[in-house]
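# Fold and contact review
Given next are the chains, with one letter for each unit.
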Protein chains: 2
Amino acid sequence: MQMTPMDKKSFDIAIKYLKIERIKKGEFLVREGQICNKIAFIHEGLFRIYNLKEGIEINTCFCKENSITSSFNSFIHQIPSNESIQSLEDSVIVTLSSANLINLYKESSIWQNIRLLLTEKECLRLSDRANSLSFESALEKYKNLIKYQPEIIQRVSIQHIASYLGISRETLSRIRSQID
Amino acid sequence: MQMTPMDKKSFDIAIKYLKIERIKKGEFLVREGQICNKIAFIHEGLFRIYNLKEGIEINTCFCKENSITSSFNSFIHQIPSNESIQSLEDSVIVTLSSANLINLYKESSIWQNIRLLLTEKECLRLSDRANSLSFESALEKYKNLIKYQPEIIQRVSIQHIASYLGISRETLSRIRSQID
DNA sequence: GATATTTTGTGATATATATCAATTGAAACA
DNA sequence: TGTTTCAATTGATATATATCACAAAATATC
């Protein structure tokens, strides 16, 4: 789940509940089957979220600095996650535990609102993704990635991008050589 | 946007803001480009939500009795809708205007909560849809539709179902003759 | 009830993309 | 610096599904 920066004031209220963590490249924030016990504000670095579909990893989201990542449904409802979150670069994150999130809600109602806004934004992202995955050609998908998330192409390996776009490694490779 | 029934008590609070409407088959709740000014609780009937993609209608959701339909993003933010909602059967709906939704929020904070829950549920639906559209074969898509939304197959025409599943009319027709 | 219109089914063909296999290139390592 | 390991490219082939064209049902209209 990728989200935008939040307003400064609300952030200050939360500061006592937050914890800074350093994550090495390749380490996991959550693994499938675990309950996700925190939400992470990415200060520096990059993560991928992926599912397993018949033993194959399908990337569903890349989350970079100044956004939030978490296994959303697992975190909110404290149920086992159906997805894994792995860092693709050495990263610095600021985390909030589910226990402290409840404290935060008690302390300031603005956080409930923020949660709503973020969730609505996630709906839009998922809706766009559904359309892109099923109604765009491989070439269109790649061009739109360049257009809307250009940094991803610089920072993520071809195989992970192909998985995210729902096309094969080979097809993406051929598309790239055509474009340049 | 399809949602589940809500709790009786919250519903009673809202009752003075609600209005009953009858919609004939083929009529529209919203058309693309209009601002969606109401949310509809479907008492009886069936609707489809669709987008235009290069002049072709793509169905994104079917909404039946005991669920809610609205052009979600348009309604919440009062911006022009990018989708249309059309009834597929003569329908009876209970509507709430955006103005009255604000009244409702003032009167009872539970409605903010309900909105959040519904939005989160919609996220899950969209996430499932994204996966289904891009990683399932035509046959799997159809089988899952039978499994999870069997009534749709009885009540909706083949062409609309095909559009919803992201496959061609002809392919769906062939799949159906194989299965029976 | 007969005719027109729309929807669905079936066959032939085209096409985008997957898959398999081999090669090249790049990064990690000792 | 050379060797090992992993990632990306390229070619050949297979395959699912789209598209086109037409026939058959079903539904609507007069």
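In case you missed it, the structure is sitting above this.
Each value, and the rule that gives it
- Residues numbered from 1 in each chain as written.
- Chains lettered and ligands numbered in written order.
- Predicted model: local features only at pLDDT ≥ 70, side-chain atom pairs only at ≥ 80, totals over all residues.
- Heavy atoms only, no water.
- Axes fitted to C-alpha atoms, helices over the stretch in contact; angles between N-to-C directions.
- Helix = DSSP H or I, 4+ residues; strand = E, 2+ residues; numbered from the N terminus.
- Parallel < 35°, antiparallel > 145°, perpendicular 65-115°, else oblique.
- Contact = heavy atoms within 4.5 Å.
- Nonpolar A, V, L, I, M, F, W, Y, C, P; charged D, E, K, R; others polar.
- Buried area = accessible area lost by both parts, 1.4 Å probe.
- Salt bridge = Lys/Arg side-chain N within 4 Å of Asp/Glu carboxyl O.
- Polar contact = N/O pair within 3.5 Å; in protein donor to acceptor, adjacent residues only side chain to side chain.

## A closer look at the packing of helix 7 (residues 158–165) of chain A against helix 8 (residues 169–179) of chain A
Residue and element names in this part refer to chain A.
- Remark: helix 7 packs on helix 8, axes separated minimally by 9 Å, with the N-to-C direction vectors making an angle of 105°. When the interaxial angle is binned, helix 7 and helix 8 end up roughly perpendicular. Here helix 7 contributes Ile158, Gln159, Ile161, Ala162 and Leu165 to the contact with helix 8, which in turn contributes Arg169, Leu172 and Arg176.
- Within the contact of helix 7 with helix 8, the residues separate by chemical class into five nonpolar, one polar and two charged.

## Points about the interface of chain B and chain A
- Residue-level contacts link 27 residues of chain B with 27 residues of chain A.
- Surface buried jointly by chain B and chain A totals about 2,200 Å² across both partners, of which 69% is contributed by carbon and sulfur atoms.
- Counting across the chain B and chain A interface gives two salt bridges.
- Between Glu120(A) and Arg115(B) there is a salt bridge, with the nearest N and O atoms lying 2.7 Å from each other.
- Applying the counting rule to chain B against chain A returns two residue pairs in polar contact (both at pLDDT 80 or more).
- Element by element, the count of residues in the side of chain B that touches chain A is highest for helix 4 (residues 110–135) of chain B, at 15 residues.

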